[in-house]
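Here is what each chain is made of, one letter per residue.
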Amino acid sequence: MSKPVIATASLAGCFGCHMSVLDIDERILKLIELVDFNKSPINDIKTFTRPCDVGLIEGGCCNTENVEVLRSFRKNCKILVAVGECAVMGGLPAMRNGIPIKECLEEAYLHSVTVAPEDRLIPNDEDLPVILDRVYPLHEVVKIDHFLPGCPPSADIIWEALTALLEGRPLNISYDMLKYD
Amino acid sequence: MAEIRFTIDDKPCTAKAGQTIWEAARDNGVYIPVLCHYDGLKPVGACRICTVRVNGRLMAACTQPIGKDMIIENTAPDLEDMRRALIEMLFVEGNHMCPTCEKSGNCELQALAYRYGILAPRFPYLWPRREIEAAGPHLLLDHNRCIQCLRCVRAVKTKDDKLIFALLHRSGKVRIGLDPELGPRLTEETAQKAMDICPVGAILKKEVGFAVPIGKRKFDAAPIGSETAEKA
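Some remarks on the overall build of chain B
Across its full length, chain B holds six helices and ten strands. Across its three principal axes, chain B shows a C-alpha extent of roughly 50 × 45 × 35 Å. Classification of the 232 residues of chain B by burial places 52% in the buried group. Contacts spanning at least 24 positions in sequence make up 62% of the contacts within chain B whose residues lie at least 6 apart. For chain B, the exposed surface amounts to about 11,600 Å²; the carbon and sulfur share of it is 54%.

Let's talk about the side chain of serine 104 of chain B
Assignment of secondary structure puts serine 104 of chain B in the loop between helix 2 (77–93) and helix 3 (108–115). Of the residues examined, serine 104 of chain B reaches a relative accessible area of 6% and is grouped as buried. Reaching out from serine 104 of chain B, the side chain makes a polar contact with the side chain of aspartate 181 of chain A at a distance of 2.4 Å. In this structure, serine 104 of chain B is in contact with Asp181 of chain A together with Cys98, Gln110 and Arg217 of chain B, ignoring residues within four places of it in sequence.

What about empty space enclosed by the protein?
Inspection of every chain in the model, using the stated rule, returns four cavities of 30 Å³ or more. Volume-wise, the largest cavity comes out at about 150 Å³. Around the largest cavity sit 15 residues that line it, and Tyr180 of chain A together with Phe91, Leu119, Pro121 and Tyr125 of chain B are the ones nearest its centre. Looking at the lining of the largest cavity, the elements that each hand over two or more residues are helix 4 (85–89) of chain A together with helix 2 of chain B. For the lining of the largest cavity, the element with the most residues is helix 4 of chain A, which contributes three residues. Quantified by volume, the second largest cavity comes out at close to 90 Å³.

Rules of the game
Residues numbered from 1 in each chain as written. Chains lettered and ligands numbered in written order. Predicted model: local features only at pLDDT ≥ 70, side-chain atom pairs only at ≥ 80, totals over all residues. Heavy atoms only, no water. Helix = DSSP H or I, 4+ residues; strand = E, 2+ residues; numbered from the N terminus. Buried < 20%, exposed > 50% of the residue type's maximum accessible area, 1.4 Å probe, protein only. Contact = heavy atoms within 4.5 Å. Areas by Shrake-Rupley, 256 points an atom, 1.4 Å probe, with all protein chains shown as cover. Polar contact = N/O pair within 3.5 Å; in protein donor to acceptor, adjacent residues only side chain to side chain. 1 Å grid on protein atoms, 1.4 Å probe; cavity = no way out; pocket = protein on both sides within 12 Å on 5 of 7 lines; lining within 4 Å. Points joined across faces, edges and corners; volume = space filled by probe spheres on them.

So, in structure tokens, the structure goes:
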């Protein structure tokens, strides 16, 4: 029997949740025995080459590329897990929610004190993904099966979730594993 | 004074006349979650997290006086789910960014969410646009986090009993505000009291951020309400 397959992605996140995945320490050796990795920044596989069992997504959706990647994960993964505060509720990037997008872009690219006068230009290239009106948590874009809050979620909650999903048992999240910060 | 007998979730309990359901439950080692209520303040029944079922009817345990032979349900699955829904609603109607909040770990709203094991809210986020206000030399008001519990309004007063905090505006635009004259004259001690009485991170004292390390904060080790059960 072939091993279960895991895919991961970082959308509008800081990569901290991926760091927390690596933070499972020596358990990572056991993980490598248990599973194969497909599309993931950890192994640099860029596109899905086979259907996956579990997809771990860090970060929310802030632009059209995030939405595209998220939809491809939904299509290719049996179980989709929102990992971390940004995936669950938008997180720090969502601090721009409620502020009109025009104001955000002007602040970042025109009025910010660190922008040199000759560089004052709002990026508008057709190759760039279009920024969304606000940052969306994953479950407001596609169906999400499990949520792991935390900034980042602890290695223990990630390990518990992964082993539970691989063994097909319900997640057993203890009080000290559940943190929003 | 005659003892009042009642039951909570089939547990026989006794209470003193004049107690509220919440007080009576606490004295019998039964935890009823509260958010707007604070021991010693006049209850207002603003948040409804403490809703219990008394003889088949829903009532706010913080405001309802205990009565003879009351049959109270506190942990029925539908009640617990309703409380969960209320907590989730409070999360989505404000902007609660726990990772950036100084009150994280000491926040009662967050602690209740932990207690109920909430992983994500069932409601869509509203993302209201609210301001942060530098209110005088000692205080910072982050309106993103205010849940309108009225604790600051009730608890923080001058020596001659004048209100320092009040609710401004109406409905969805309601927010707390400081008295324009009394507010800027707040002592450091009163500012600390205001921050401590706030269940969330809406009232913060300036110049001392993140003083308590992770692991030693109020709700790091055990869920909110644990101490009520321990005392019994």
